[in-house]
Structures are given as structure tokens and as C-alpha cells.
Amino acid sequence: MAVKIERRNEPTGEQLAASVILTGASALRMMRAERRQMGYISWKDLNLDEERRVLRTSSPSTEDIYLPDLVRIGAKSGEVQEDLCLLVGSAAQRRRMPGVGWSVCSRLPAGSILEVEPGVYSLSPEALCVAVAREVGCI
């Protein structure tokens, strides 16, 4: 008897939880780790509707952030104390959390968010360059 496994197109309950979108130094650190391990960035592209949903639901609380997973994928160092850099879609989505720096961006061009793993997202390399350029002044 053959068993057919189909991929679910509709989000599951777990996927509807708050999204964690990494930006800034956290995303850059994770990209470097991914390139060292894989030789390229293997993250999944999202369609525009998925990107909007992820940005809309990006209001993580401490329960949504599992630090050992972020250390495993390279977004956070297990040794050095640094702030986690997260992106949300509006200022109202920010939460007071120690060790977290927030960036706010209500709209992004298509292709700006990549899925690292379920519930964890990152700005694409191109979008990250633009985001960092906005925050870093000219010397």
C-alpha cells in the first residue's frame, strides 16, 4: 500500500504563531553561518502574500524566541552578549524585551523576506543591505 504525503498549502496552527524576522547584525551573522555551512543561502523564498502575513504577525514575545535554536542557526552567539535584532511591521508590534533591538518597517518590496525555518525569517541579503544602510551613517 502506497502512502501519499502532500504538502499543506494552508498555514498550520504553529505557523500562525508570531513570526520572528531577523535583521541587522543578527541576520548578517546568520547569513555568514549559512554560507560557511552550506556554501550558499538555502532559505525559502516567500510569495508576496506570505511576506505580508509574516510581517503582519511579527510581534514575538519571549515565549516565541527559543535562543538555543537561534544559536544553532547562527543568528545569536552562545558566547558573546549581543542584542538580537528583530523586524516588525509597526511600532505597536514592538515589545519590551531585554536583549532585543527592534526595527520597524511597514512595507517591503517583494522578495525581501526569506524563510529560514518554520517561524523564523530573515531579510534577504539585498533587503538587509538597504536596512543597514539606513541605520549606519556616512563616516
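Please read all numbers here as calculations on a predicted model, not as lab measurements. (Residues numbered from 1 in each chain as written. Predicted model: local features only at pLDDT ≥ 70, side-chain atom pairs only at ≥ 80, totals over all residues. Heavy atoms only, no water.)

**Thoughts on the pattern of salt bridges**
(1) Moving on: Enumeration according to the criterion identifies 2 salt bridges in this entry.
(2) Moving on: With a shortest N-O distance of 3.7 Å, Lys 44 and Glu 50 are connected by a salt bridge.
(3) Moving on: Overall, Glu 50 belongs to the partly exposed group, its relative accessible area being 25%.
(4) Moving on: As a salt-bridge pair, Lys 44 and Glu 115 come within 3.7 Å of each other at their nearest N and O atoms. With Lys 44 in strand E2 (residues 44-45) and Glu 115 in strand E5 (residues 113-117), this pair connects stretches of sequence that are 71 residues apart.
(5) Moving on: A relative accessible area of 12% means that Glu 115 is categorised as buried.
(6) Moving on: Counted as one network, the salt bridges with shared partners bring together Lys 44, Glu 50 and Glu 115. (Salt bridge = Lys/Arg side-chain N within 4 Å of Asp/Glu carboxyl O. Buried < 20%, exposed > 50% of the residue type's maximum accessible area, 1.4 Å probe, protein only. Helix = DSSP H or I, 4+ residues; strand = E, 2+ residues; numbered from the N terminus.)

**Some words on the packing of helix H1 (residues 24-38) against helix H4 (residues 125-135)**
(1) Moving on: Interaxial distance between H1 and H4 falls to 10 Å at its minimum, and their mutual angle equals 145°. At the point where H1 passes H4, the crossing takes the left-handed sense. Touching Gly 24, Ala 27, Leu 28 and Met 31 of H1 are Pro 125, Leu 128 and Val 132, all from H4. (Axes fitted to C-alpha atoms, helices over the stretch in contact; angles between N-to-C directions. Left-handed = near helix turned anticlockwise from the far one by under 90°. Contact = heavy atoms within 4.5 Å.)

**Section: the sheet that holds strand E3 (residues 84-88)**
(1) Moving on: Strand order in the open sheet formed by 6 strands is E2-E5-E6-E1-E3-E4, with mixed pairing between adjacent strands. Looking along the sheet, the strands with just one partner apiece sit at the ends: E2 and strand E4 (100-104).
(2) Moving on: Note that E2 and E5 share 2 bridges and pair antiparallel. What sits directly across from Asp 45, in E5, is Leu 114.
(3) Moving on: Of the strands in this sheet, E4, E5 and strand E6 (120-123) touch H4, which is tilted by about 65° from E6. (Pairing = 2+ DSSP bridges.)

**Quick word on the side chain of Ser 124**
(1) Moving on: In this fold, Ser 124 is placed in the loop between E6 and H4.
(2) Moving on: Once residues within four sequence positions are removed from consideration, Ser 124 is found in contact with Met 31, Gly 111, Ser 112 and Leu 114.

**Description of the nonpolar core**
(1) Moving on: By size, the foremost hydrophobic cluster in this structure holds 29 residues, and its most contacted members are Leu 22, Leu 70 and Ile 113.
(2) Moving on: Among the elements of the structure, strand E1 (20-22), H1, helix H2 (48-56), E3, E5, E6 and H4 are those that each provide at least two residues to this core.
(3) Moving on: For Leu 22, the contacting residues outside a window of four places in its chain are Ala 27, Met 30, Leu 70, Ala 75, Leu 84, Cys 85, Leu 86, Val 120, Tyr 121, Ser 122 and Leu 123. (Core = buried A, V, L, I, M, F, W, Y, C linked by side-chain atoms within 4.5 Å.)

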